[in-house]
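# Descriptive analysis of the structure
Below, each chain spelled out in residue letters.
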Amino acid sequence: ERLDFMAERLLARAFRPEERRVVENGFKDLLAHYRAEPKEADKLIAVGEWKADAALDRPTLAAYTMVANQLMNLDEVLNK
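Attention in this report is confined to the structure presented alongside it.

Conventions we followed
- Residues numbered from 1 in each chain as written.
- Predicted model: local features only at pLDDT ≥ 70, side-chain atom pairs only at ≥ 80, totals over all residues.
- Heavy atoms only, no water.
- Axes fitted to C-alpha atoms, helices over the stretch in contact; angles between N-to-C directions.
- Helix = DSSP H or I, 4+ residues; strand = E, 2+ residues; numbered from the N terminus.
- Parallel < 35°, antiparallel > 145°, perpendicular 65-115°, else oblique.
- Left-handed = near helix turned anticlockwise from the far one by under 90°.
- Contact = heavy atoms within 4.5 Å.
- Nonpolar A, V, L, I, M, F, W, Y, C, P; charged D, E, K, R; others polar.
- Core = buried A, V, L, I, M, F, W, Y, C linked by side-chain atoms within 4.5 Å.
- Buried < 20%, exposed > 50% of the residue type's maximum accessible area, 1.4 Å probe, protein only.
- Expected span 1.5 Å × (residues − 1).
- Arc of directions from axis to C-beta.

### Here's the deal with the packing of helix α2 (residues 17-36) against helix α4 (residues 58-72)
Closest axis-to-axis distance for the α2/α4 pair is 8 Å, and the angle between their directions is 140 degrees. By the angle between their directions, the pair α2 and α4 is classed as oblique. When the axes of α2 and α4 are compared, the crossing they make is right-handed. Between α2 and α4, the residues in contact are Val23, Phe27, Leu30, Leu31, Tyr34 and Arg35 and Pro59, Thr60, Ala62, Ala63, Tyr64, Met66, Val67, Gln70 and Leu71, respectively. Each residue belonging to the contact of α2 with α4 can be placed in one class, and the counts come to 12 nonpolar, 2 polar and 1 charged.

Shown next, in the form of structure tokens:
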């Protein structure tokens, strides 16, 4: 559901099935990385104007942050 929200906001459309698989697999890889390296997740989400909500799972937040970063760098997003 969160990935669908990101696609609609950034791409102004839903992911195509093959795109969704790539994004989901990327998210799963990132989540596994940040769960294995929680200090890396903490360092990532410490950056920014506001502090992260302490109630949120930090590895999950870090993984979604990186997925959003990747999506925002797509040519389709930059050249809308």
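### Overview of the side chain of Thr60
With respect to the secondary-structure elements, Thr60 resides in helix α4. Those residues in contact with Thr60 that sit more than four places away from it in its chain are Arg2, Phe27, Leu31 and Arg35.

### Thoughts on the nonpolar core
In terms of nonpolar packing, the biggest core is built from 20 residues, with Leu3, Met6, Phe15, Val67 and Leu71 touching the most fellow members. Broken down by secondary-structure element, the contributors of at least two residues to this core are α1 (2-11), α2, α3 (38-45) and α4. No other element matches the 6 residues that α4 contributes to this core.

### Considerations on α2
Compared with an ideal rise of 1.5 Å per residue, which puts 20 residues at 28 Å, α2 spans 29 Å between its outermost C-alpha atoms and is within 8% of the ideal. Within α2 the residues assigned to the buried category are Val23, Phe27, Leu30, Leu31 and Tyr34. Each buried residue of α2 lies within a common arc of 105 degrees when the element is viewed along its axis, so the set occupies one face. Facing away from the buried side of α2 by more than 90 degrees, the exposed set consists of Pro17, Arg21, Val22, Lys28, Asp29 and Ala36. Looking at the buried side of α2, the elements it contacts are α1, α3 and α4.

### Describing unusual backbone geometry
Within the chain, Ala12 stands out as a residue other than glycine whose phi angle is a positive 60 degrees. With respect to the helices and strands, Ala12 occurs in the loop between α1 and α2. The exposure class of Ala12 is exposed, given its relative accessible area of 54%.

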